[in-house]
Amino acid sequence: MHPALWGAQALLIGCDVRNATKETMEIIGNKEVIAVNQVHSTKGLVLFFLFHQIWAGPLSNYRVALVLLNRSLLPHPVTAQWDDIGIPPNSVVEARDLWEHKTLKEPFVGNLTAYLDSHTCKMYVLKPIS
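Read on for a plain summary of the structure. Along each chain, residues carry numbers from 1 onward, in the same order as the chain's sequence is written. Residues qualify for local features only when their pLDDT is at least 70, as the model is predicted, and side-chain atom pairs are given and counted only at 80 or more; totals for whole chains, interfaces and linings, by contrast, use all residues. Excluding hydrogens and water, the side-chain figures rest on all heavy atoms present in the structure.

### Examining the overall build of the protein
Where helices and strands are cited, they refer to DSSP runs of H or I of at least four residues and of E of at least two residues respectively, numbered from the N terminus. Tallying secondary structure elements over the protein gives three helices and nine strands in all. Ordered by position from the N terminus, the helices and strands of the protein form the series α-α-α-β-β-β-β-β-β-β-β-β. Going through the 130 residues of the protein one by one, you find that 35% of them count as buried. When checking whether two residues touch, look at their non-hydrogen atoms; a contact exists if any pair is within 4.5 Å. Contacts in the protein between residues far apart in sequence, at least 24 positions, make up 61% of those at least 6 positions apart. Carbon and sulfur atoms make up 56% of the accessible area of the protein, which totals about 7800 Å². Relative accessibility thresholds used throughout: buried, under 20% of the residue-type maximum; exposed, over 50%; partly exposed, between the two (1.4 Å probe, protein chains only). Only the protein chains shown count as cover for residues, and all accessible areas are computed by the Shrake-Rupley method using a 1.4 Å probe.

Structure follows, in structure tokens:
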């Protein structure tokens, strides 16, 4: 979760990287997350709900960076509606999962929902395809 928020907000890494495990270094060295780099801007937004947050911001070529965060103690679906994150409501969008390093097979129209375990997040780059 920390690296996704770091990529979106340029937060400091909260560990001693000299003693970090290989897994930790792979997480904080995720080139796709780093490429998003600092989504905070006057056009970006953060939506706070009781148990989840939605972070989004514009990228080049009409793409949108999206972080879905579950702060709950239980698994929970988190949905980003296009009109809330600056995408025209009926747009068809391709989603690239930055943690899985893969583009999701099905396009999305109107919203994207991820089912998240407790205290986890997903990070996507959304690209309009029509």
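More follows now that the structure is in view.
### Details of the pattern of salt bridges
Here a salt bridge means any side-chain nitrogen of Lys or Arg lying within 4 Å of a carboxyl oxygen belonging to Asp or Glu. Inspection of the entire model under this criterion finds two salt bridges. The residue E94 makes a salt bridge to K127 at a minimum N-O spacing of 3.8 Å. With E94 in strand β5 (residues 92-97) and K127 in strand β9 (residues 120-128), the pair connects residues that are 33 residues apart, well separated along the chain. K127 sits in the partly exposed class, given a relative accessible area of 38%.

### Overview of unusual backbone geometry
If you check the backbone angles, N61 has positive phi at about 60° while not being a glycine. Note on placement: N61 falls in the loop between β2 (52-58) and β3 (64-70). Although it is not a glycine, H101 sits at a positive phi angle of roughly 55°. By the element assignment, H101 lies in the loop between β5 and β6 (102-103). For H101, a relative accessible area of 44% translates into the label partly exposed.

### Quick look at the nonpolar core
Soluble globular proteins tend to pack their nonpolar side chains together in the buried interior. Judged by nonpolar contacts, the single largest core of 18 residues is most densely connected at L66, L68, W82, I85, L112, Y124 and L126. When residues of this core are traced back to their parent elements, those giving at least two are β2, β3, β4 (76-81), β5, β8 (111-116) and β9. Here L68 is in contact with Q53, I54, V78, A80, L112, A114, L116, T120, C121, K122 and Y124, once residues within four sequence places are set aside. Counting ten residues, the second largest nonpolar core, distinct from the first, contains V33, A65, L69 and C121. Think of a nonpolar core as a cluster: buried Ala, Val, Leu, Ile, Met, Phe, Trp, Tyr and Cys residues, connected wherever their side-chain atoms sit within 4.5 Å.

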